[in-house]
Amino acid sequence: RKEVEQDPGPFNVPEGATVAFNCTYSNSASQSFFWYRQDCRKEPKLLMSVYSSGNEDGRFTAQLNRASQYISLLIRDSKLSDSATYLCVTRSNFGNEKLTFGTGTRLTIIP
Amino acid sequence: DAGVTQSPTHLIKTRGQQVTLRCSPISGHKSVSWYQQVLGQGPQFIFQYYEKEERGRGNFPDRFSARQFPNYSSELNVNALLLGDSALYLCASSPGPHGTPARTIYFGEGSWLTVV
């Protein structure tokens, strides 16, 4: 079983729609949680950190449920520029900077 | 300021050969981590080096090795290449050994390795 599991998609969503991604993690020692975005053939870039209280950044909302070991990302009013692969990421903070990535969910916004 | 720079950007090697990939971190960053990203998968952690010392190692065979130099640049070496080593190799730079804010971790554009 992978340490971070995501639905690989692809998700094909019309422009303006709301799309939700889910992720589960198995390592209970995980202490930090993130969503990264990766464009085709490019490096991953931090989209946002995820906190138990939930956090919002413009059209993006992330939520963490530590009890269920579940992370979510909601994108509202999707834009063509949101087309990318979204990677769910955890970090244990145990003496190193190891980031554990999910497989990624590929999103295509359709005009 | 320059971002994380990696070289070469693309290379093709034959099975059994050896490859060396290079990474220069952002100025002021002392930590370098290496990741392997196979097509269709997320990046997988290979190594982290901080102040020239190994701080973490992922689940990779001994054919993979790395080192960090006094100027904080790093090399990743892979010996006896297999077809399955074909991947994007990413370098990540950060200021500290662990627990640094994620917004201070930057990835390079990667080195695309094809093994034939």
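Residues numbered from 1 in each chain as written. Chains lettered and ligands numbered in written order. Predicted model: local features only at pLDDT ≥ 70, side-chain atom pairs only at ≥ 80, totals over all residues. Heavy atoms only, no water.

Chemist: Could you clarify how one ought to interpret unusual backbone geometry in this entry?
Modeler: Keep in mind that most residues, glycine aside, have a negative phi and that most peptide bonds are trans. That bond from Gly9 of chain A to Pro10 of chain A is cis: its omega, 10°, falls within 30 degrees of zero. Mapped onto the elements of the fold, Pro10 of chain A is located in the loop between β1 (4-6) and β2 (11-14). Between Ser7 of chain B and Pro8 of chain B the backbone carries a cis peptide bond, its omega angle lying at -10°. (Helix = DSSP H or I, 4+ residues; strand = E, 2+ residues; numbered from the N terminus.)

Chemist: What's the story with the sheet that holds strand β3 (residues 19-24) of chain B in this structure? I'm lost.
Modeler: Residue and element names in this part refer to chain B. Strands sit in the order β1-β3-β8-β7 across an open sheet of four strands; the sheet is antiparallel. For this open sheet the edge positions go to β1 (5-7) and β7 (64-68), each flanked by a neighbour on one side alone. Each strand of the sheet is rotated relative to its neighbour by a mean of 15°, with strand direction disregarded. Summarising the sheet, β7 and strand β8 (residues 74-78) pair through five bridges and their orientation is antiparallel. Across the sheet, residue Gln68 finds its bridge partner in β8, namely Ser74. (Pairing = 2+ DSSP bridges. Axes fitted to C-alpha atoms, helices over the stretch in contact; angles between N-to-C directions.)

Chemist: Honestly, the environment of Phe94 of chain A in this entry has me stumped. Any pointers?
Modeler: Residues and elements named next belong to chain A. Positionally, Phe94 belongs in the loop between β9 (84-91) and β10 (99-101). Its relative accessible area of 52% is what places Phe94 among the exposed residues. Dropping the residues within four chain positions of it, Phe94 is found in contact with Ala29 and Gln31. (Buried < 20%, exposed > 50% of the residue type's maximum accessible area, 1.4 Å probe, protein only. Contact = heavy atoms within 4.5 Å.)

Chemist: What am I meant to see in the sheet that holds strand β8 (residues 70-75) of chain A here?
Modeler: The strands that make up a sheet pair up through hydrogen bonds in the backbone, lying either parallel or antiparallel. Residue and element names in this part refer to chain A. Reading across the sheet, the five strands line up as β1-β3-β8-β7-β6 and stay open at both edges, with antiparallel pairing between neighbours. The two strands at the open ends of the sheet, each matched to only one other strand, are β1 and β6 (55-57). When the angles between neighbouring strand axes are averaged without regard to direction, this sheet yields 20°. Here β6 pairs with strand β7 (residues 60-65) via three bridges, running antiparallel. By the bridge assignment for β7, Asn55 is matched with Ala62.

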